[in-house]
There are 2 protein chains.
Amino acid sequence: MARQQLLLAQFLPYRLSIAMQAVSEGLALRYSQEFGISIPEWRIIATLGENSEMTARDIAVHARMNKTMVSRAAADLVRRRIVTRRTSREDRREAFLRLTRQGEDIYAAIVPLALDYERGLTAGMSGAEVAMLRRLLDQLLGQADKAAEKLASEKSAAADTAAAE
Amino acid sequence: MARQQLLLAQFLPYRLSIAMQAVSEGLALRYSQEFGISIPEWRIIATLGENSEMTARDIAVHARMNKTMVSRAAADLVRRRIVTRRTSREDRREAFLRLTRQGEDIYAAIVPLALDYERGLTAGMSGAEVAMLRRLLDQLLGQADKAAEKLASEKSAAADTAAAE
DNA sequence: GAAAATTAGTTGCATATGTAACTAATGGCG
DNA sequence: CGCCATTAGTTACATATGCAACTAATTTTC
């Protein structure tokens, strides 16, 4: 029986990680200095650009950020008058965030940059390949989430067993 | 003329980032507590598992890590006797790193975990799809690197122009 | 062959990020 | 109504990470 082999260069989590890093850095370079926007800030701006008004919680769910990161990045965007915060009347714990006029301008300026960058990334691919890539990435995400849930449920089951002893 | 639109959920850099994050976290969960190994440490172990002896510099190039990260993770692995360091005779600046017996045991224990995890990730895909995913990720990386180089050369050209003024 | 430039690796420092604890507000349930 | 649990959001703290400056060794250049 042959021993299982692992080649890091072929290993999917590794390839995903290095591709992501190169892609993210490349994109961030294009807007970070010019607009003084960090990656988490860009995610918030992009999310608010699509859905005019959202709470921090909704942004966190929608953009897969943790709530600490949203809180901090949003606070800075508010300070810089790129985003406004408006406390909800119905539930005074939550606050609606919205792009200011300036925020909309920044969004409008970054969108073409981002789309252009994306086009460059997929330069050598057919439309079908790009679609396939999107689909396969989505499947990876789905399977990773599924594996995480499974692990979590095993863990809580083990904790229950321990507690019952 | 229709204004260009961006949908974050469809945007490749974003999808890549969230898929990578879920995949990396899921994998790290499987070895981090049990073996007390961080992601950078795992990269070094995996690299040394393939190439028995390497310098920190070679590991950094091979595993796309920056030299600070390699230096720090390697120092910790040496401290924990998972890796040994041997200064080169020919060039006393560099040192060869190598897995200890214990390091090899850890590598041998993690490899099946990692491969199993990878199999789970690609559970719903055909072999051709997995191969295509690898290829497309590689193309993304290549294009991102190319874009980075282009940006860097433009920048240095601009610096030269400024210096000449 | 000595000074200057380069390279391997480490470390100081500033920043980024996640977890957990916290505050403030709301909802559930007796 | 009043207590307990839950939730939105912030913050304290510990850790992670990258850049730049550094040391030590080697190579290049004149």
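A brief report on the enclosed structure follows. Note that the structure is predicted; figures quoted are calculated from it, not measured.

Here we look at the sheet that holds strand E2 (residues 83-87) of chain A
To summarise the sheet geometry, strands pair through backbone hydrogen bonds and adopt either a parallel or an antiparallel arrangement.
All names here are of chain A.
So, point 1. The three strands are arranged E1-E3-E2 in an open sheet whose pairing can be described as antiparallel. Pairing within the sheet leaves two strands with one partner each, and these edge strands are strand E1 (53-55) and E2. When the angles between neighbouring strand axes are averaged without regard to direction, this sheet yields 30°.
So, point 2. Seen against the sheet, helix H2 (residues 39-50) touches E1, E2 and strand E3 (95-99) and runs at an angle of roughly 90° to E3.
So, point 3. The strands touched by helix H3 (residues 56-63) are E1 and E3; relative to E1, the strand with the most contacts, the crossing angle is about 95°.

Focus: the pattern of salt bridges
All names here are of chain A.
So, point 1. Taken as a whole and judged by the stated rule, the model has 26 salt bridges over all chains.
So, point 2. Among the ionic pairs, Asp58 bridges to Arg57, the shortest N-O distance being 2.9 Å.
So, point 3. With relative accessibility at 31%, the residue Asp58 sits in the partly exposed group.
So, point 4. Each member of the salt-bridge network shares a partner with another, and the members are Glu41, Asp76, Arg79 and Arg80.

What to know about the protein's contact with DNA strand C
So, point 1. In the vicinity of DNA strand C lie 20 residues, with Asn66(A), Arg72(A), Arg57(B), Ser71(B) and Arg93(B) positioned nearest.
So, point 2. Within 4 Å of the protein, the contacting atoms of DNA strand C are drawn from sugar and phosphate to the extent of 56%.
So, point 3. Asn66(A) is positioned with one of its side-chain polar atoms (N or O) 2.9 Å from a phosphate oxygen of DNA strand C.
So, point 4. Residue Ala95(B) places a main-chain N or O atom 3.1 Å away from a phosphate oxygen belonging to DNA strand C.
So, point 5. Elements that contribute at least two residues to the surface near DNA strand C include exactly helix H4 (67-79) of chain A together with helix H3 (56-63) and helix H4 (67-79) of chain B.
So, point 6. It is H4(B) that provides the largest number of residues to the surface near DNA strand C, a total of four residues.
So, point 7. Considering only residue class, the surface near DNA strand C consists of four nonpolar, five polar and eleven charged.

Considering the relation of the copies chain B and chain A
So, point 1. With an RMSD of 0.0 Å, chain B superimposes on chain A once it is rotated by 180° and translated 0.0 Å along the axis. This pairing of chains is accounted for by a two-fold axis.
So, point 2. Looking at the interface residues of chain B, 100% of them are also at the interface in chain A, so both copies use one shared face.

Observations concerning the pairing of E3(A)
Residues and elements named next belong to chain A.
So, point 1. Taking burial as the measure, the five residues of E3 include four buried ones, the bulk of the element.
So, point 2. Pairing of E1 with E3 involves three bridges; the strand directions are antiparallel. The residue of E3 that forms the bridge with Thr55 is Phe96.
So, point 3. In the sheet, E2 pairs with E3 via five bridges, with the strands oriented antiparallel. Note on E3: the bridge partner recorded for Thr84 is Arg98.

Describing the packing of H2(A) against helix H5 (residues 101-121) of chain A
Residue and element names in this part refer to chain A.
So, point 1. Where H2 meets H5, the axes come as close as 10 Å, and the angle between the chain directions of the two elements is 105°. Taken together, the axes of H2 and H5 are roughly perpendicular relative to one another. The residues of H5 that touch H2, namely those facing Trp42, Ile45, Ala46, Gly49 and Glu50, are Ile106, Tyr107, Ile110 and Ala114.

Some points on the sheet that holds strand E3 (residues 95-99) of chain B
Residues and elements named next belong to chain B.
So, point 1. Ordered by their spatial adjacency, three strands build an open sheet running E1-E3-E2, and the pairing between neighbours is antiparallel. Strands at the two margins of the open sheet, each flanked by one partner only, are strand E1 (53-55) and strand E2 (83-87). Taken over all neighbouring pairs, the strand axes of this sheet differ in orientation by 30° on average, direction set aside.

Parameters at a glance
Residues numbered from 1 in each chain as written. Chains lettered and ligands numbered in written order. Predicted model: local features only at pLDDT ≥ 70, side-chain atom pairs only at ≥ 80, totals over all residues. Heavy atoms only, no water. Pairing = 2+ DSSP bridges. Helix = DSSP H or I, 4+ residues; strand = E, 2+ residues; numbered from the N terminus. Axes fitted to C-alpha atoms, helices over the stretch in contact; angles between N-to-C directions. Contact = heavy atoms within 4.5 Å. Salt bridge = Lys/Arg side-chain N within 4 Å of Asp/Glu carboxyl O. Buried < 20%, exposed > 50% of the residue type's maximum accessible area, 1.4 Å probe, protein only. Near = heavy atom within 4 Å. Polar contact = N/O pair within 3.5 Å; in protein donor to acceptor, adjacent residues only side chain to side chain. Nonpolar A, V, L, I, M, F, W, Y, C, P; charged D, E, K, R; others polar. Least-squares fit on C-alpha atoms with pLDDT ≥ 70 in both. Parallel < 35°, antiparallel > 145°, perpendicular 65-115°, else oblique.

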